[in-house]
Amino acid sequence: MIFLFIRKLCNYRLAACLLIIVLLFSCLSITQAQQIEHVSITVSNLEKSVSFYKEILSFTEVSNQDKTKDEVQQLFRIIDPKLGVRSIKLKLGDEVIELMEFIGAKESRKIPTDSKSNDLWFQHIAIVVSDMDSAYSVLKKSKVIHVSASPQTLPAYINGAAGIKAFYFRDPDGHNLELINFPRGKGNRKWQGRSNLFLGIDHTAITVSGTVTGLTFYTAIGFNVAGHSENYGPEQEQLNQVLGARLGITGLRGTSGFGLELLDYEVPQDGREYPKDTRPSDLIYWHTSIKVRDLDKIGSQLGKLNYQIVCKGNIDTKGSKTFLEKFILMRDGDGHFVLLSE
């Protein structure tokens with residue numbers, strides 16, 4: 001059954017390779033339980049962004065931390081005595097995001113105005129709503145920036161996602177966000193029968209250059225394939241505003257926390273690479289914080305596979321809870337930043 005599922009992703013030869021990858025890393029990561037703890041997003045104005053997420057999307061504040069220059073240097077390998085970070089963690093349902101504003105940064109590059117979801121720096125979070133029409137009405141009244149023309153209902157011929165309603169929009173800095181509504185029988189059962197309008201975060205999605213590339217990295221740290229769909233057609237084009245879009249979407253899950261989706265654009269293939277010189281102070285910067293059981297073992301495995309390690313070590317928290325004590329900040333095969341910690 002695993003092979004038949006993989007066969008739907010690609011041709012026979014790639015399917016065989018992918019099966020080996022999945023089985024190999026499933027064996028390697030049996031004892032390496034993991035979860036996505038939160039995603040961190042760089043913003044230009046913390047107060048403005050926090051207000052957006054709280055007042056429009058119903059997030060609540062759970063912590064407020066200022067990171068010292070020493071902590072910034074240790075975690076991001078940035079040597080700048082004038083640089084500091086203000087961060088606030090926000091919660092919706094059971095899920096958490098972190099907004100970070102870099103204070104004193106020499107330069108903070110904005111998200112390109114022509115950025116699209118097939119560019120490899122693309123990442124979003126999918127916010128689950130109990131009623132799409134009501135949620136969209138809230139966004140319209142707040143005059144949010146649309147990406148989608150309007151909410152779209154995915155058609156019956158998309159087997160893995162038929163009946164799901166979705167809408168893409170942007171936060172004040174241009175970060176992509178998604179509203180998603182699951183019909184009965186689709187998605188996590190916890191999203192069904194809830195009375196609140198904004199319920200939580202189902203997943204974070206990243207664009208990859210190939211499904212095999214994404215799976216090689218994320219199965220190595222213990223994620224399991226949870227589902228797959230092939231999305232195309234006019235509704236998909238209206239959703240992400242990519243003309244002729246046809247993409248494979250592979251859902252991954254850990255032992256707990258929200259999921260991770262790999263977006264593999266078969267058409268068009270003109271997505272741009274994630275800039276190699278991206279800095280944490282740049283607005284395209286996100287990192288996905290993942291808890292693992294055996295950091296040294298996973299770090300060793302990934303190092304042998306030549307993934308870029310930005311920095312690693314032990315944070316001197318000096319009694320505070322601002323940072324993790326043991327961590328590895330690295331980039332996956334397409335450049336997305338991942339923060340691994342125990």
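The following refers to the structure shown. Numbers given to residues run from 1 along each chain, matching the order in which its sequence is written. Restriction of local features to residues with pLDDT of at least 70 applies here, the model being predicted, together with a cutoff of 80 or more for giving and counting side-chain atom pairs; totals for whole chains, interfaces and linings are based on all residues. Values reported for side chains reflect all heavy atoms of the structure, with hydrogen atoms and water molecules removed beforehand.

Things to note about the overall build of the chain
Rules: Helix and strand definitions here come from DSSP, where helices need a minimum of 4 consecutive H or I residues and strands a minimum of 2 consecutive E residues; each element is numbered from the N-terminal end. Only protein chains enter the accessibility calculation, which uses a 1.4 Å probe; a residue whose area is less than 20% of its type maximum is buried, one above 50% is exposed, and one in between is partly exposed. In what follows, residue pairs with any heavy atoms lying within 4.5 Å of each other are defined as contacts. Every accessible area reported is derived by Shrake-Rupley at a probe size of 1.4 Å, with residue values counting cover from the shown protein chains alone.
Scanning the chain from N- to C-terminus turns up eight helices and 18 strands. Looking at the chain residue by residue over its 342 residues, the buried ones come to 53%. Expressed as a percentage of contacts within the chain between residues at least 6 apart in sequence, the contacts between residues at least 24 apart total 69%. As presented, the chain carries roughly 15,500 Å² of accessible surface, and 50% of it is formed by carbon and sulfur atoms.

Overview of the side chain of glutamate 178
The criterion, for reference: Positive charges are assigned to Lys and Arg, negative charges to Asp and Glu, while His and the chain termini are left out of the count. Each salt bridge in this description consists of a side-chain nitrogen of Lys or Arg and a carboxyl oxygen of Asp or Glu lying within 4 Å of one another. Pairs of N or O atoms are called polar contacts if they sit within 3.5 Å, as long as, within protein, a hydrogen donor faces a hydrogen acceptor (for residues adjacent in sequence, only side-chain-to-side-chain pairs).
The residue glutamate 178 is located in strand β9 (residues 176–181) in this model. The buried charged residue glutamate 178 lacks any salt bridge partner; its closest oppositely charged side chain belongs to arginine 253, at an N-O distance of 11 Å. Here the side chain of glutamate 178 touches histidine 124 through a polar contact of 3.0 Å, side chain to side chain. Excluding residues that lie within four positions of it along the chain, glutamate 178 makes contacts with His124, Ile125, Ala126, Ile127, Ala166, Phe167, Tyr168, Phe169 and His203.

Remarks on the pattern of salt bridges
In this structure the tally under the stated criterion is 16 salt bridges. Linking aspartate 114 and arginine 272 is a salt bridge whose minimum nitrogen-to-oxygen distance equals 3.2 Å. One end of the pair, aspartate 114, is in the loop between β4 (95–103) and β5 (123–129); the other, arginine 272, is in the loop between β14 (259–267) and β15 (286–292), and 158 residues separate them in sequence. Under the relative-accessibility criterion, arginine 272 is labelled partly exposed at 31%. Two residues, arginine 279 and aspartate 282, come together in a salt bridge whose shortest N-O distance is 3.5 Å.

What to know about helix α8 (residues 295–304)
Put simply, the rule is: The arc in question is traced by the directions running from the helix axis to the C-beta atoms.
All of the buried residues along α8 are Leu295, Ile298, Gly299, Gln301 and Leu302. Considered in projection along α8, the buried side chains sweep an arc of 160 degrees and stay on one side of the axis. Looking at the residues trailing α8, positive phi occurs at asparagine 306, about 65 degrees.

Coordinates in, geometry out; function isn't part of it.
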